[in-house]
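Here's the letter readout for the chains.
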Amino acid sequence: QVQLVESGGGLVQAGGSLRLSCTASGRTFSSYAMGWFRQAPGKEREFVAAISWSGGITYYAASVKGRFTISRDNAKNTVYLQMNSLKPEDTAVYYCAAQDSQLLVTFRGKYWGKGTLVTVSS
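Just so you know, these numbers come straight off a predicted model, no measurement behind them.

Reading the values: rules and limits
Residue positions are counted from 1 within each chain, in the order its sequence is given. Residues qualify for local features only when their pLDDT is at least 70, as the model is predicted, and side-chain atom pairs are given and counted only at 80 or more; totals for whole chains, interfaces and linings, by contrast, use all residues. The basis for the side-chain values is all heavy atoms of the structure; hydrogens and waters are excluded. Only DSSP runs of H or I reaching four residues or more are called helices, and only runs of E reaching two or more are called strands; each is numbered from the N terminus. Each residue is placed in one exposure class: buried if its accessible area under a 1.4 Å probe, protein chains only, is under 20% of its type's maximum, exposed if it is over 50%, and partly exposed if it falls in between. By definition, two strands form a pair when at least two bridges between them are found by DSSP. What goes into a patch is any residue over 30% in relative accessible area without a salt bridge, connected to like charges within 9 Å or, for nonpolar side chains (Val, Leu, Ile, Met, Phe, Trp, Tyr), within 5 Å. Shrake-Rupley sampling with a 1.4 Å probe provides the accessible areas, and residues are treated as covered by the protein chains on show and by no other component. Any Lys or Arg side-chain nitrogen found within 4 Å of a carboxyl oxygen on Asp or Glu counts as a salt bridge. What counts as a ring pair is set by centres within 6.5 Å for rings of Phe, Tyr and Trp (its six-membered ring), and what kind of pair is set by the plane angle: stacked under 30 degrees, edge-to-face over 60, tilted for all other angles. Put simply, a charge is over a ring when the Lys NZ or the Arg CZ is close to the ring centre, within 6 Å, and near the line of the ring normal, within 35 degrees. Counted as a polar contact is a pair of N or O atoms within 3.5 Å, where, for protein atoms, one must be capable of donating a hydrogen and the other of accepting one, and residues adjacent in sequence contribute only when both atoms are in side chains. Residue contacts are defined here by distance: any two heavy atoms, one from each residue, within 4.5 Å place the two residues in contact. Angles here are taken between N-to-C directions and fall from 0 to 180 degrees, while the axes themselves are lines fitted to C-alpha atoms, restricted in helices to the stretch in contact. Among buried residues, those of type Ala, Val, Leu, Ile, Met, Phe, Trp, Tyr and Cys that are joined through side-chain atoms within 4.5 Å constitute a nonpolar core.

A.B. asks: Describe unusual backbone geometry, with residues and values.
C.D. replies: One non-glycine residue, Asn77, adopts positive backbone phi at about 55°. Checked against the element boundaries, Asn77 lands in the loop between strand S7 (68-73) and strand S8 (78-83). Using a relative accessible area of 19% as the deciding quantity, one classes Asn77 as buried. A positive phi angle, near 50°, is found at Ser85, a position not held by glycine.

Encoded structure:
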């Protein structure tokens with residue numbers, strides 16, 4: 001099992017940038033595919049991005065492709081989400097997730113963090 005803790009959320013103006021971090025406990029972090037989801041007020045949780053165990057393969061939702069970048073540092077047990085050109089519609093609680101399967105197109109997440117709030121003002 002792995003425990004996940006997100007950080008880096010906050011308030012930013014439209015067009016700005018934020019970098020989220022998710023640090024995992026345990027020695028098997030490098031074996032997991034990692035991903036980010038988000039949930040806006042009154043909406044269902046949606047997939048944002050995922051990355052394979054090695055970092056060699058990434059997958060993005062269409063709504064963030066070209067603006068967000070997912071990366072990982074296995075030596076630090078950390079996955080990142082660099083968010084650029086932020087829009088008010090990116091406002092949400094962002095969750096980090098981990099799973100054993102490396103099939104990113106069906107990333108569902110098995111282990112979850114508690115989330116970090118990102119607010120983008122217009």
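A.B. asks: Which residues make up the pairing of strand S5 (residues 46-51), and what values do they have?
C.D. replies: Of all six residues in S5, five are buried; the element is thus mostly enclosed. Following strand S4 (residues 33-39), the chain reverses through six residues before pairing antiparallel with S5; Gly42 in that reversal takes a positive phi of roughly 75°. Here S5 hands over to strand S6 (residues 58-60) after six residues, with Gly55 in that stretch at a positive phi of 90°.

A.B. asks: Kindly report on a nonpolar patch on the surface, identifying the contributing residues and their values.
C.D. replies: Among the surface-exposed residues, Tyr59, Leu103 and Val105 lie close enough to one another that they form a single nonpolar patch of about 280 Å² accessible area. Inspection of the secondary structure puts Tyr59 in strand S6.

A.B. asks: Lay out the packing of aromatic side chains with the relevant residues and their values.
C.D. replies: Enumeration according to the criterion identifies six aromatic pairs in this entry. Here the aromatic residues Phe37, Phe47, Tyr59, Phe107 and Trp112 are joined through ring pairs into a cluster of three or more. Between Arg45 and the ring centre of Trp112, over which it is positioned, the NZ or CZ distance is 4.6 Å. The residue whose ring lies beneath Arg72 is Phe29, and the NZ or CZ to ring-centre distance is 4.5 Å.

A.B. asks: Account for the side chain of Thr91, naming residues and giving values.
C.D. replies: With respect to the helices and strands, Thr91 occurs in the loop between S8 and strand S9 (92-99). From its side chain, Thr91 meets the backbone nitrogen of Val120 in a polar contact 2.9 Å long. Among residues more than four places away in sequence, those in contact with Thr91 are Ala40, Pro41, Val118, Thr119 and Val120.

A.B. asks: Please set out the sheet that holds S7 residue by residue, giving values where relevant.
C.D. replies: As summarised here, the arrangement of the four strands in space is S1-S3-S8-S7, forming an open sheet in which the pairing is antiparallel. For this open sheet the edge positions go to strand S1 (4-7) and S7, each flanked by a neighbour on one side alone. Geometrically, the sheet is characterised by an average inter-axis angle of 15° between neighbouring strands, direction not taken into account.

A.B. asks: An account of the nonpolar core is needed here, citing residue identities and associated values.
C.D. replies: If you look at the biggest cluster of nonpolar residues, it comprises 38 residues, and the most contacted ones within it are Leu4, Met34, Trp36, Val79, Leu81, Met83 and Tyr94. Those elements that provide at least two residues to this core are strand S3 (18-24), S4, S5, S7, S8, S9 and strand S11 (116-121). Apart from residues no more than four positions distant in its own chain, Leu4 is found in contact with Cys22, Thr23, Ala24, Met34, Cys96, Ala97, Ala98, Tyr111, Trp112, Gly113 and Lys114.

Worth remembering: the numbers are spatial, not functional.
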